[in-house]
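Next come the chains, spelled out residue by residue.
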Amino acid sequence: MADHIQTIVTKLPGLESVTDVWETADRRLALGDAAFLADLGIALAGAYGSDAGRMWQYRSVFDHLLRQLAVTPGAGHVAEALRLVSSAETADRGLDRYVASLLASSHPAEELAVAFTGHASEELRACLVHELVLRGSDVTESPGIAGWATSPHWRYHPLAWLPLTLSDVEGQPGLPSYSAHGSSHSMPYGPRANRETRTETGAQIPSAEETTTEAAAKGIGTAVANWAEESNGRIEARVFDLAGPLAAGSARSLLLELGLECLKGTGRKTAFTVAGCPPDEAWGVLFAAASSGGAYNSGARGAYGRLAAWQSLAALSGTAESSPAEEVEARARDCAWYSFGADTKWFECVAWDIGLASVSPDRRLAVLAATDTD
C-alpha cells in the first residue's frame, strides 16, 4: 500500500485530471479500507500541503478524501477522518471548522464522541460542540461529549460564550448538506425575499442624528465581514438616534431620509421594499451570511457563523458587548425589526443582498446593508 500511495504522490503534480485518483480512493473505501484514504491524505499533505497556493491537484484530491471519510456513515470513518486532520502535516484552524461541519452533518453525536477522547485539537472540539448544537443535539447529555462541553477549561475560547442549546431566536437554522462531491445551502436573503410593508401616508417622520462609531459599525457588520474580506462584498453599517417614536408604516420613509449610501438614487421607478420581520428572521439572515459566505468564499461554517450572527444581532439591537446570549435575545425581542432591499446601483441584485434595520425602545436605529457578486 505504501508503494501505491507513493506512486500517487509522485505523479500528482503532472496530472491533468484527478478523476482516477478519486475513483481509486472510492474503491478502497467501498472495500472497507478507510485507512488508505487517511494515509494518502497525510502523505499528500506532507508533500504539497505547505506549497504556496497549494496546487489544484492537491486541493481537489485532499478535499475528496476528507469529504469521503467525514460524510460516510460509521464510527470507523470518523476515526480515520480525525486521524487525517489531526496529523502534524494537516493542522489548520480553518480546516478544523470545515471538518466539524462535515462530521456533524453526517454522524450522530455518539459516533463523534471519539473526537473528545482521542486525538483531536481543542479547536475542532469547540467547533464540533456547536455544530452539534445547531443540529439539535443535546451536548450536555451526550456521553463522551458532555464532560468536555461543560468543563470550565475552555471557558476563554471565543465559542464558549455561545449557549449549549439553541435559543428561540435561532429556531431551526438553515444548515448545509454535504456529499463527497459538494454541498448545498439555503440563501434567505436578497431584495426579492422582502414582502412590501404598507406605508402610511402623512405619518410624521422623526428627525435622526447619526451616532455611528467605528466599534458599532464593526459589530453590526460582523456577520457579513467575510463578504468584504474574502469576496467582492460591500457593507454599510450605521447607527442613528431618533428624536421621537417611529409611527407604524413610516419605516420606508425614514430609511429614505437617512442618506444611506445603499439607497442613493432611489426614486419612483426604483424598486424599494420594506417589511417588518421578527428577530428570528433577522438572526437567520445573519447566520446564513456568516456561515455560508458570499459569492467567492465559504464563510465561517456553523460554529463561528453562529457566533458572528449573535454578535451582529447584539450590535444591531444595542446590547452591551459583554452581555450573555439571553440578554441579547431579550433586547432583540424588544426592538422593531425591518428587512429592506432596493434596485439601486449600490446593491448588486444578484443573490447576495441584505438590508436590515432595528429600532430599539430607546429610539436607537441601527442599519445593516450588505451586497456581494460573483
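Here is what the cut-offs are and how they apply
Residues numbered from 1 in each chain as written. Predicted model: local features only at pLDDT ≥ 70, side-chain atom pairs only at ≥ 80, totals over all residues. Heavy atoms only, no water. Helix = DSSP H or I, 4+ residues; strand = E, 2+ residues; numbered from the N terminus. Buried < 20%, exposed > 50% of the residue type's maximum accessible area, 1.4 Å probe, protein only. Contact = heavy atoms within 4.5 Å. Pairing = 2+ DSSP bridges. Axes fitted to C-alpha atoms, helices over the stretch in contact; angles between N-to-C directions. 1 Å grid on protein atoms, 1.4 Å probe; cavity = no way out; pocket = protein on both sides within 12 Å on 5 of 7 lines; lining within 4 Å. Points joined across faces, edges and corners; volume = space filled by probe spheres on them. Nonpolar A, V, L, I, M, F, W, Y, C, P; charged D, E, K, R; others polar. Salt bridge = Lys/Arg side-chain N within 4 Å of Asp/Glu carboxyl O. Expected span 1.5 Å × (residues − 1). Phe/Tyr/Trp six-rings, centres within 6.5 Å; stacked < 30°, edge-to-face > 60°. Lys NZ or Arg CZ within 6 Å of the ring centre and 35° of its normal. Disulfide = S-S within 2.5 Å. Polar contact = N/O pair within 3.5 Å; in protein donor to acceptor, adjacent residues only side chain to side chain.

Asker: Let's hear about the environment of isoleucine 42: which residues, and what values?
Answerer: One can find isoleucine 42 in helix 3 (residues 34–48). Overall, the relative accessible area of 17% leaves isoleucine 42 in the buried class. Residues isoleucine 42 and serine 86 lie 44 residues apart in sequence; the distance between their C-alpha atoms is 9.5 Å. Dropping the residues within four chain positions of it, isoleucine 42 is found in contact with Arg83, Leu84, Ser87 and Glu89.

Asker: Could you give an account of the pairing of strand 6 (residues 336–342), naming the residues involved and the relevant values?
Answerer: Within a regular strand, side chains alternate between the sheet's two faces. Along strand 6, six of the seven residues are buried, which leaves the element largely enclosed by surrounding structure. Across five bridges, strand 5 (residues 272–276) lies against strand 6 in antiparallel orientation. Of the residues in strand 6, the one forming a bridge with valine 274 is phenylalanine 340.

Asker: A description of the sheet that holds strand 8 (residues 364–372) should follow, citing residues and the corresponding values.
Answerer: Strand order across the open sheet formed by six strands is 3-4-8-7-6-5, with antiparallel pairing between neighbours. Since the sheet does not close on itself, it has two edges, and those belong to strand 3 (208–210) and strand 5, each with one partner. Ignoring strand direction, the axes of neighbouring strands in this sheet form an average angle of 25°. Seen against the sheet, helix 13 (residues 279–292) touches strand 6, strand 7 (352–359) and strand 8 and runs at an angle of roughly 140° to strand 7.

Asker: Before we move on, can you summarise the layout of surface pockets with the specific residues and values?
Answerer: Here the largest pocket is characterised by a volume of approximately 880 Å³. Around the largest pocket, the lining comprises 34 residues; the ones closest to its centre are Lys218, Gly219, Thr222, Ala308 and Gln311. When contributions to the lining of the largest pocket are tallied by element, the ones reaching two or more residues are helix 10 (214–220), helix 11 (225–230), strand 4 (234–242) and helix 14 (301–317). Residue contributions to the lining of the largest pocket peak at seven residues, all from helix 14. Class assignment for the residues of the lining of the largest pocket results in 19 nonpolar, nine polar and six charged.

Asker: Quick one: what's the story with the pattern of salt bridges, residue by residue and with numbers?
Answerer: Scanning the model with the defined rule gives 13 salt bridges in all. As a salt-bridge pair, arginine 83 and aspartate 39 come within 2.9 Å of each other at their nearest N and O atoms. Linking arginine 83 in helix 5 (residues 75–85) with aspartate 39 in helix 3, this pair joins segments that are 44 residues apart in sequence. Relative accessible area serves as the criterion here: at 33%, arginine 83 is assigned to the partly exposed category. Classification of aspartate 39 by relative accessible area gives partly exposed; the value is 24%. A salt bridge links arginine 238 to glutamate 210; its shortest N-O distance comes to 2.8 Å. Pair noted here: arginine 238 is in strand 4 and glutamate 210 is in strand 3, with a separation of 28 residues, a long-range link. On the basis of relative accessibility, which here comes to 15%, the residue arginine 238 falls in the buried class. Within this structure, Asp39, Glu80 and Arg83 form a network of salt bridges that share partners.

Asker: Give a detailed account of helix 8 (residues 122–134), specifying residues and quantitative values.
Answerer: Structural remark: α-helix, 3.6 residues per turn; residues separated by three or four positions point the same way. For helix 8, spanning 13 residues, the distance from its first C-alpha to its last is 19 Å, which sits close to the expected 18 Å at 1.5 Å a residue. In this structure, the buried side of helix 8 is in contact with helix 5, helix 6 (93–106), helix 7 (109–112), helix 9 (146–149), helix 13 and helix 14. Downstream of helix 8 by one or two residues, glycine 136 has phi in the positive range, about 85°.

Asker: Can you tell me about the packing of aromatic side chains, naming the residues and giving the values?
Answerer: If you walk through the whole model with that rule in mind, you get six aromatic pairs. Taken together, the aromatic side chains of Phe116, Trp148 and Trp154 make up a single cluster linked through ring pairs. Positioned over the ring face of phenylalanine 36 is arginine 28, at 4.2 Å from the centre of the ring.

Asker: Describe the pairing of strand 4, with residues and values.
Answerer: By the bridge criterion, three bridges tie strand 3 to strand 4 in an arrangement that is antiparallel. Considered in strand 4, the bridge of glutamate 209 is made with aspartate 241. Across eight bridges, the pairing between strand 4 and strand 8 is antiparallel. Its bridge partner being in strand 8, valine 239 is matched across the sheet by alanine 366.

Asker: Tell me about the state of the cysteines, residues and numbers included.
Answerer: Disulfide: a covalent bond formed between the sulfur atoms of two cysteine residues. Across all of its chains, the model carries zero disulfides by this definition. Considering cysteine sulfurs only, cysteine 349 is the nearest to cysteine 262, which forms no disulfide, with 11 Å between them. With a relative accessible area of 22%, cysteine 349 lands in the partly exposed category.

Asker: Tell me about the side chain of threonine 319, residues and numbers included.
Answerer: Relative to the elements of secondary structure, threonine 319 occurs in the loop between helix 14 and helix 15 (325–334). On the basis of relative accessibility, which here comes to 14%, the residue threonine 319 falls in the buried class. Of note is the side chain of threonine 319, whose polar atom sits 2.8 Å from the side chain of serine 317. Leave out the neighbours within four places in its chain, and threonine 319 touches Ala314, Glu327, Val328 and Arg331.

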